[in-house]
2 protein chains.
Amino acid sequence: MSTTAPLRSLNINNINPHVKEAKYAVRGELAVRSEDYRAQLAKGSSGLPFDQVISANIGNPQQLDQKPITFFRQVLSLLENPALLEKEDVLVNQLGYKSDVIERAKWLLKTVGSVGAYSASPGATGIRESIAKFLEQRDGHSAEAKDIYLSAGASSGVSTLLHIICASPQTGVLVPIPQYPLYTASLSVLNAQCVPYYLDEAKNWGTDLEAIKGAYKEAVAAGTDVRAIVIINPGNPTGASLSVEDVKAVIDFAAEKKLVVIADEVYQTNVFKGRFHSFKGVLRDMQKAEPEKYKNVELASLHSVSKGMVGECGHRGGYFELVGIDPEVQEQIYKYVSISLCAPVIGQCLVEMMVNPPKEGEPSYALYKQEWDGIFAGLHKRAFALYEAFKDMEGVECGEPQGSMYLFPTITLSPKAIAAAKKEGRSPDEFYAFRLLDATGICVVAGSGFGQKEDTLHFRTTFLAPGTEWVGRITKFHKDLMDEFR
Amino acid sequence: MSTTAPLRSLNINNINPHVKEAKYAVRGELAVRSEDYRAQLAKGSSGLPFDQVISANIGNPQQLDQKPITFFRQVLSLLENPALLEKEDVLVNQLGYKSDVIERAKWLLKTVGSVGAYSASPGATGIRESIAKFLEQRDGHSAEAKDIYLSAGASSGVSTLLHIICASPQTGVLVPIPQYPLYTASLSVLNAQCVPYYLDEAKNWGTDLEAIKGAYKEAVAAGTDVRAIVIINPGNPTGASLSVEDVKAVIDFAAEKKLVVIADEVYQTNVFKGRFHSFKGVLRDMQKAEPEKYKNVELASLHSVSKGMVGECGHRGGYFELVGIDPEVQEQIYKYVSISLCAPVIGQCLVEMMVNPPKEGEPSYALYKQEWDGIFAGLHKRAFALYEAFKDMEGVECGEPQGSMYLFPTITLSPKAIAAAKKEGRSPDEFYAFRLLDATGICVVAGSGFGQKEDTLHFRTTFLAPGTEWVGRITKFHKDLMDEFR
């Protein structure tokens, strides 16, 4: 550190060290370089070996191919300009708005007053009631509006939950590795312990109870007060979709060790194989079978409008449901969320429509279903195109797509390539990702951004980009790189 | 604490103690009771002595009388449903959308892509450029897009800044008392020191440099590392609008002691007396006059769409501009905001329109100006009606309205009333506020929620509620209370 008097109040050595420690690779150096390339291309620069940047680093559906669902956006347009409701004939006869669009907009306006007004801190009551109904239908078990908190996307919900749980530097939270770096970054900022447990790549990235037990035991032995376990299902970055047995095993362990289960279920509609098993539904089934054993399990389950066929991440809408949380603790959560006033109200309205979309027989249903199915089919097609390409690449292994928006292949690089990475001061997976970007304009995230088992290399790519031509660009790049460092 | 094994992971004694310590009265017990009354009235309950609840506790314009600005909402409706742009003739000829509405929507869509997509972490580039232009015009000094960060309302911007600044439990931030409790609550959560400095009620709640110096000196003597000073101008809850001399004095002190100035300027258009002096503008003037002395002053200035004639708090749009912040520190701010991905994109678009509204000669200008002036006049009228009523009340003193959306009168209660409050276990100002709510349905916030000088009593009320009839209800209540405890 400098010995001269500082010129300013803030410098890199005296700001919050926990913010400094936080890592967030999804929008890091690689992403910044990709934006530079995009800007160069926009200015007509021709020195680059590609004519398009593909942001496969972020699950940002509408930045790429995915179109918004018409019903949702028609309703939102009326919420933003309620004066349009005075011209119903124009809406219906000339703009093609169906009667259920108009009814929904009127109902939502009645519920929130104006989308320009603050709602109650945990969200508008009518919207919380809609979410409770959705959860009852999804899980076949009761849900209550008072336990539901609207948030600005799931990220802000995670931040709230971790703020409550992290009581001291010894507080630990079990986090899957690889993981979406929101968890490790938030725990860094809160100066709490991330207790990593490894997912089982050999079982298509499922949870491995032995790994969880081992991580827990080791952390407790080291003096960590482990209080919660995070599960991302379907997985990010892995794409894994958990079996009901895996979900049960986690709940059973949480019950035994008194851990809060934080179930990040934002990809619950992105499931290609089998079906989604919600933690809430499975927990209630277990409680029914063995009430004494499971009655005190604490669960927070998160969902959002950002992913799935909705894909409205720019609207920052989400919610979490609390199950089994002490009422006094819940009061503190209420107070905490009230400090930031309320989640964006337009985002809340979008959450309502996500959980309560047009039903069969209603005027907007046919188009809604067509759009939904079309988006699902497109994601499925691109996921498998990418998967097939990975299968054919030398030294690349990738499980069959199961869910979420990502594939997370393993790559094996030659000692020569690893030496070249070292020379550049980069980890081998970062070296690979930078090379890929420089050669093709395709931006992925190096596996180390999500945590890696020692001596394994991966990268995460979304399968959101339109078409499948870009998949061929990866194949060619990969072959060239393998040849260069053979 | 209980000696039996806990049933759950989380209880009130083992969650984050810093969250527990945080206080946020604006949405506390009184607000909860007012919502109960509202629910009772909605169910047709007739046991209450009033037939309407007036939420004068929150600056929530559109929950009350304030209508949204037409231009803003028309553009937003097109951003939500861009398909409408394919029917320009219907928009123009049958829905009354002017050409500048359509042009702005097209431009914003080009800038953000889709409002359903994440933007860059600090906000969409085109919108940051618009804000820079606005700041240049407002202040007559240059501004750069790279120094501007969009946020989910100003609250989230404050949280970001305090997260960076608060490096240890010894870090202190000077906060005006009375203050909007966001600051004390956030500092509690961050386990940092609030260093209170009292505003000068005798000078209509202006800043008192001697009070600031005294608070600073005392804190430093106690081992606090004071790193920043918060100024709310125009004031919340006080309504004070600072003179250029007051602003200069604060900057001068900040320069001397190397403090970051956090200028909360969300009420910058709510000024009834004199004009608004931005910290940025005054700082640049001072730097021009004495470059050496002021060149390293660090400033963060916040603004939002929530207040003023815009009043769109439910949209959670805001921004802060950084001045003189070390580039390495700015990189950390960039990373920190990227963890929560981006501010709501629709809110970002609203910020753009707030800083770049229709101009004279443009098609939407006449209506925009009429609406803007009408809202301003309404606020002015109600502020003065309330002020006149307070002047006539026994034991109530209130300065002439200057700005923001609040009045903050002093009340003097009799020893008998103070004894009655004590018996109920409440502070006298809370006792007064609960009595007011129970008798009239009008919800205000007790002064203690904002901090009070010893032995002074106040309450904060907005002047947003429609009409002035409710002012008479306060007058009557006050007289009855004074008589009861004489």
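Computed from a predicted model, the values in this text were never measured in an experiment. (Residues numbered from 1 in each chain as written. Chains lettered and ligands numbered in written order. Predicted model: local features only at pLDDT ≥ 70, side-chain atom pairs only at ≥ 80, totals over all residues. Heavy atoms only, no water.)

Asks: What should I look at first to understand the environment of Ser340(A) in this one?
Replies: Mapped onto the elements, Ser340(A) comes out in the loop between α13 (327–339) and α14 (345–355). Expressed as a C-alpha distance, the spacing of Ser340(A) and Ser121(A), which sit 219 residues apart in the sequence, is 8.1 Å. (Helix = DSSP H or I, 4+ residues; strand = E, 2+ residues; numbered from the N terminus.)

Asks: Is there a simple way to explain the pairing of strand β2 (residues 148–151) of chain A in this structure?
Replies: Across a regular strand the side chains alternate sides, sitting on one face of the sheet and then on the other. Residues and elements named next belong to chain A. Neither face of β2 is exposed, since Ile148 and Leu150 on one face and Tyr149 and Ser151 on the opposite face are all buried. Bridging between β2 and strand β8 (residues 318–323) involves four bridges; their strand directions are antiparallel. Among the inter-strand pairings, Tyr149 is bridged to a residue of β8, identified as Phe320. (Buried < 20%, exposed > 50% of the residue type's maximum accessible area, 1.4 Å probe, protein only. Pairing = 2+ DSSP bridges.)

Asks: Would you mind going over the UniProt feature "domain: Aminotransferase class I/classII large" (unreviewed entry) in chain A with me for this structure?
Replies: This chain's UniProt record puts "domain: Aminotransferase class I/classII large" (unreviewed entry) on residues 109–468 of chain A. Secondary structure content for residues 109–468 of chain A is 43% helix and 16% strand, while the C-alpha to C-alpha distance between its ends is 42 Å. (UniProt positions renumbered as here; feature names shortened; annotations may be inferred.)

Asks: Explain the packing of helix α15 (residues 365–392) of chain B against helix α18 (residues 469–484) of chain B to me, please; I cannot follow it from the model alone.
Replies: Between two packed helices, the angle of one axis relative to the other and the distance separating the axes together describe the packing. Residue and element names in this part refer to chain B. Where α15 meets α18, the axes come as close as 10 Å, and the angle between the chain directions of the two elements is 15°. As the angle between them shows, α15 and α18 are arranged roughly parallel. Read as a crossing pair, α15 and α18 show a hand that is right-handed. Across from Ala385, Leu386, Ala389 and Phe390 in α15, the residues of α18 making contact are Trp470, Val471, Ile474 and Thr475. By residue class, the composition of the contact of α15 with α18 is seven nonpolar, one polar and no charged. (Axes fitted to C-alpha atoms, helices over the stretch in contact; angles between N-to-C directions. Parallel < 35°, antiparallel > 145°, perpendicular 65-115°, else oblique. Left-handed = near helix turned anticlockwise from the far one by under 90°. Contact = heavy atoms within 4.5 Å. Nonpolar A, V, L, I, M, F, W, Y, C, P; charged D, E, K, R; others polar.)

Asks: How do you make sense of the nonpolar core when you look at a structure like this?
Replies: Generally speaking, soluble globular proteins have nonpolar side chains that are buried together. The biggest cluster of nonpolar side chains holds 276 residues, and the ones touching the most others in it are Leu79(A) and Leu79(B). Those residues in contact with Leu79(A) that sit more than four places away from it in its chain are Ala105(A), Leu108(A), Leu109(A), Val115(A), Ile346(A), Cys349(A) and Arg73(B). (Core = buried A, V, L, I, M, F, W, Y, C linked by side-chain atoms within 4.5 Å.)

Asks: Is there a simple way to think about the relation of the copies chain B and chain A in this case?
Replies: Two copies of a chain can be linked by a rotation about an axis combined with a shift along that same axis. The operation relating chain B to chain A is a screw motion whose rotation component is 180°, with 0.0 Å of axial translation and a residual RMSD of 0.0 Å. The relationship between the two copies is best expressed as a two-fold rotation axis. Considering only C-alpha atoms, the part of chain B nearest the rotation axis is Ser77(B), at 2.0 Å. A shared binding surface is used by both copies, with 100% of the interface residues of chain B retained as interface residues in chain A. (Least-squares fit on C-alpha atoms with pLDDT ≥ 70 in both.)

Asks: Is there a simple way to explain the interface of chain B and chain A in this structure?
Replies: How big an interface is tends to be expressed through the accessible area that disappears when the partners come together. Taken residue by residue, the interface counts 86 residues in chain B and 86 residues in chain A. Here chain B and chain A share an interface that buries about 7400 Å² over both sides, 56% of which is from carbon and sulfur atoms. Put simply, chain B and chain A have three salt bridges between them. Connecting chain B to chain A are 50 residue pairs in polar contact (both at pLDDT 80 or more). Those elements that provide at least two residues to the side of chain B that touches chain A are α1 (17–21), α3 (70–80), α7 (153–165), α8 (182–189), α13 (327–339) and α14 (345–355) of chain B. It is α13(B) that contributes the most residues to the side of chain B that touches chain A, seven residues altogether. (Buried area = accessible area lost by both parts, 1.4 Å probe. Salt bridge = Lys/Arg side-chain N within 4 Å of Asp/Glu carboxyl O. Polar contact = N/O pair within 3.5 Å; in protein donor to acceptor, adjacent residues only side chain to side chain.)

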